[in-house]
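Topology and contacts: notes
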Amino acid sequence: MTIFDYDDNEALGKIIAVDSAVVVVRVDELERLKRVQVNRLVALQSSKAGQHLIGVVSRITRKAPDGGVELDADEDNGETVELPENNLVRVSLIGTLIDRLGTASNVFRRTLETVPEIDANCFALEGERLTNFMQVISNVAGNGPQLELGKYTLDEDATAYLNGNRLFQRHAIVVGSTGSGKSWTTARLLDQVAALKQANAILFDVHGEYKTLVGDEFRHFRVAGPGDLDGGAALDGGVLYLPYWLLGYEAMVSLFVDRSDQNAPNQAMIMSRCITDAKRAFLEAGEHADILKNFTVDSPVPFDINAVVSELARLDIERVPGARAGSDKAGDFNGRLSRLIARFASKRLDRRLGFLFQPHNECMEMEWLTTMAHKLVGGRGSQADSNGGIKIVDFSEVPSDILPLMVSLLARLIFTITQWTDIEKRHPVALFCDEAHLYIPERASADSVDDISVGIFERIAKEGRKYGVGLVVISQRPAEVNRTVLSQCNNVVAMRLTNGEDQSVIKRLLPDSLGSFGDLLPVLDVGEALVVGDASLLPTRVRVAEPKYKPNSATVEFWDRWNDEQAISDTERAVHSWRRQSAL
C-alpha cells in the first residue's frame, strides 16, 4: 500500500517549468504558499504510474525576478523562461519513491528515472506522511533496526529515525562547535544502543565528561592514574592498566628510540631482539609450547622489562676478545645504547605512566588479557552479570603527549581480537571516538605517536566493516581530523559549525546534489543537527531528543556565576592534585 494517498485538492500547486533536476511550481493560493518552507520535502506526480518524485524546496518567490525564473543552478548558463505568474516555488529533485518494486513496497531510490510533466501536482510532505516516508528512507520497518534520534525541525510531529545497521556498518561522524550539543547527541546515540539486549559499544572518553552515564547498561573503566598505583585497585574495580607488553614494535620504538640519534637503527634492532628474548623466556617458564613456535615481537606476551634493561646495559659496556691474545675491544654496541637506556629509565620512573610501566600484578599473568579483552569486546549478554553493554573508558589522567598512542593501543587490541574471532562467534562492536582530533589528527609527523595512531584508525576505517567494527568519529574540529578516516564515514551528523575550514570539510563529505545543505551549518540551533548519509538517504534537519543520561558537558554560565552571592573556590585542592598528578 502506497504511503502517498493524496487527493488532488491537497496539492500545493502545479508544475509550470521542468529542467533535468529542477522544477518550478506555481502556487495559486497564498495560504498554501505560506505552508511551504525552504529545505522542506515535497512529493511530485511522476509521468510513470506508481511513482512519486521527491524534491527539496530551494527557493520561494512571490514574483518572478526580471520577468523570469532561472532554472539552471549554473549561473554562467543564464537560461531563463518567462514566468509572469506570482507565487513560485523552485524544487530540486533528489529521488524517486516507487509504490511497488517486485515484492517490496514503498522503495526509495536516489535516481530520477523520469521527470514530472507540466501541470503535474506538487504535494507537501508533513505529519504522518513525512514520518512514514522517512521510515522508508531509513529502510526501517516497525520492528526493524530503528534508532530514534529526535524530531524533524520543520515538522515536529514526525519522528526522525536512522537505520541502526547502516549507521554503524558504514561509520559515522558527529561534529559541532563547542556548545552546539555534540555530547548531547552522542549520549542520545548511546541511549538507543544501550537499550538493546546484546548492545556492544566502547566510548573513548578523553575528558571524563561521560561519568554521569550510570546504570546497568553502562560499565566504566578508568585508565590508572598516579593515585591508583599504591591503592591496589584493578580491573574488577574499574581501574584499567595498559601494560607495556601490549605495545607493538613500532609503538616501542616511538617511545624509547630517538630517531635523530645516529645509533637509532642499531638501538631499534637490539631492543627488538632483547624484547623477543624476554618474551621467549616467559613462555618457556610457563611451558607455553604452542605459542613458542610462532610468536613475534608484536605478540601480546608478558615479559620482564627489568631483564630487557639489564641486557641493554650489559651490551652498552660489553667488551669482547681482541685480535691479539689476551686483549679486548669494545663490543658492537658498546656506548651506543646509553640514550636508549636513559629513555627507558625516565619513562619507567614517571608515575604518570604508571598504568604502562608499573602495572598491577594481575596484568603480568597470561590470563589477564583474555579477561580484560572480554570485558571490553564482549556484548552485554555475554558478560558475567549480563550488564554493561556500553563500555566507557576514561582517559582523562593519561598525559596528552602519549594519549594518541594509548587510545590507538586499545583500538588496535579491540580490532585485532575481533579479527581473530571465528566469523560465527564474532559480535559487532562500535567505537565512539570522542575528541577524535586529539588522536586521529590530519597532520602527523612520520614515526611519531600520532602517525602510529592514525595508521591504526585508518585501517579500522577501511577494513572494520568486514570484521564488525564500526567507528563513530566525534570532534569539534573536523578540519583537524584525518581526511582518510573521514572519507570512510558515510553518515554525517553535523551540529552548528561556525569555522569556515570545518564547514568546508563537511560540505566535501556531502553528495554533490546536496552540497547546498552545507550552508545550513552556521545557522543550526543548539541541539539541532543536519543528518545525511546511508543511514538516512535524504538530508534532514533533526532536533535531537533529550538523552536519558546526560553527559557532564554543560556550558558554564559565566555571567550567572559571576553574579552569584556565594563565592566558590578550591584552589588548594587543585594545586595538590596538580602536584600529585591525580584528581583522586
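In this report, we go over the structure that sits alongside the text. Treat the numbers as computed from the prediction; the structure is a model and nothing was measured.

Side chains of nonpolar character tend, in soluble globular proteins, to be buried together. In terms of nonpolar packing, the biggest core is built from 154 residues, with Ile-54, Phe-133, Phe-204, Phe-355, Met-406 and Leu-431 touching the most fellow members. A per-element tally of this core places helix α12 (residues 403-419) first, with 10 residues. Setting aside its immediate chain neighbours within four residues, Phe-204 contacts Val-393, Phe-395, Val-407, Leu-410, Ala-411, Ile-414, Leu-431, Phe-432, Cys-433, Asp-434, Tyr-439 and Phe-457.

This part takes up the pattern of salt bridges. Taken as a whole and assessed by the stated rule, the structure comprises 32 salt bridges. Between Asp-534 and Arg-170 there is a salt bridge whose closest N-O contact spans 3.4 Å. Placement of the pair is Asp-534 in the loop between β22 (528-533) and β23 (536-544) and Arg-170 in the loop between α3 (164-169) and β12 (172-175), with a sequence separation of 364 residues. Taking the relative accessible area as the measure of exposure, Arg-170 reaches 32% and is therefore partly exposed. Among the ionic pairs, Arg-477 bridges to Asp-502, the shortest N-O distance being 2.8 Å. Placement of Arg-477 in the loop between β20 (469-475) and α14 (483-487) and of Asp-502 in helix α15 (residues 500-509) is noted, with a sequence separation of 25 residues between them. Arg-477 gets classed as partly exposed once you look at its relative accessible area, which sits at 22%. Salt bridges linked by common partners bring Arg-477, Glu-480, Glu-501 and Asp-502 together as one network.

Below, the discussion takes up the side chain of Asp-394. Topologically, Asp-394 is positioned in strand β18 (residues 390-394). Within the buried set, Asp-394 has no salt-bridge partner at all; the shortest N-O distance to an opposite charge, 4.1 Å, is to Lys-211. Here the side chain of Asp-394 touches Ser-396 through a polar contact of 2.7 Å, side chain to side chain. Once residues within four sequence positions are removed from consideration, Asp-394 is found in contact with Asp-205, Gly-208, Lys-211, Phe-221, Arg-222 and Val-223.

We now examine the packing of helix α5 (residues 249-256) against helix α9 (residues 338-349). Viewed as axis vectors pointing N to C, α5 and α9 meet at an angle of 95°, and their least axial separation amounts to 9 Å. What the angle tells us is that α5 and α9 run roughly perpendicular. Together, Ser-254, Leu-255 and Phe-256 of α5 and Leu-340, Arg-343, Phe-344 and Lys-347 of α9 make up the contact between the two elements. Here the residues of the contact of α5 with α9 are counted per class, giving 4 nonpolar, 1 polar and 2 charged.

Before going further, it helps to spend a moment on the pairing of strand β8 (residues 104-109). The pairing of strand β7 (residues 88-101) with β8 spans 5 bridges and is classified as antiparallel. The residue bridging Leu-97 from the neighbouring strand is Phe-108, located in β8. Between β7 and β8, which pair antiparallel and follow one another directly, the connecting turn spans 2 residues, one of which, Gly-102, has a positive phi of 70°.

So, on to the packing of aromatic side chains. This model, assessed by the stated rule, comprises 16 aromatic pairs. One aromatic cluster is present, built from ring pairs that chain together Phe-4, Tyr-6, Phe-108, Phe-123 and Phe-133.

For the rest of this paragraph, the subject is α15. Along α15, the positions that sit buried rather than exposed are Asp-502, Gln-503, Val-505 and Ile-506. All buried residues of α15 fall inside an arc of 160° around its axis, so they share one side. Along α15, exposed side chains directed more than 90 degrees from the buried face belong to Glu-501 and Arg-508. Of the surrounding elements, those touching the buried residues of α15 are β12, α14 and β21 (491-494).

In this section: a negative patch on the surface. Taken together, the side chains of Glu-557, Asp-560, Asp-564 and Glu-565 make up a negatively charged region of the molecular surface. Along the chain, Glu-557 turns up in the loop between β23 and α16 (558-562).

Our next topic: unusual backbone geometry. Unusually for a residue other than glycine, Asn-106 sits at a positive phi of about 55°. Mapped onto the elements, Asn-106 comes out in strand β8. On the accessibility criterion, Asn-106 (12% relative accessible area) is buried. Even without being glycine, Glu-435 reaches a positive phi, approximately 50°. Judged by relative accessible area, which is 7%, Glu-435 ranks as buried.

Reading guide: rules and limits
- Residues numbered from 1 in each chain as written.
- Predicted model: local features only at pLDDT ≥ 70, side-chain atom pairs only at ≥ 80, totals over all residues.
- Heavy atoms only, no water.
- Core = buried A, V, L, I, M, F, W, Y, C linked by side-chain atoms within 4.5 Å.
- Buried < 20%, exposed > 50% of the residue type's maximum accessible area, 1.4 Å probe, protein only.
- Helix = DSSP H or I, 4+ residues; strand = E, 2+ residues; numbered from the N terminus.
- Contact = heavy atoms within 4.5 Å.
- Salt bridge = Lys/Arg side-chain N within 4 Å of Asp/Glu carboxyl O.
- Lys, Arg positive; Asp, Glu negative; His and termini not counted.
- Polar contact = N/O pair within 3.5 Å; in protein donor to acceptor, adjacent residues only side chain to side chain.
- Axes fitted to C-alpha atoms, helices over the stretch in contact; angles between N-to-C directions.
- Parallel < 35°, antiparallel > 145°, perpendicular 65-115°, else oblique.
- Nonpolar A, V, L, I, M, F, W, Y, C, P; charged D, E, K, R; others polar.
- Pairing = 2+ DSSP bridges.
- Phe/Tyr/Trp six-rings, centres within 6.5 Å; stacked < 30°, edge-to-face > 60°.
- Arc of directions from axis to C-beta.
- Patch = residues over 30% accessible without salt bridge, like charges linked within 9 Å, V, L, I, M, F, W, Y side chains within 5 Å.
- Areas by Shrake-Rupley, 256 points an atom, 1.4 Å probe, with all protein chains shown as cover.
- Charge placed at Lys NZ, Arg CZ, Asp CG, Glu CD.

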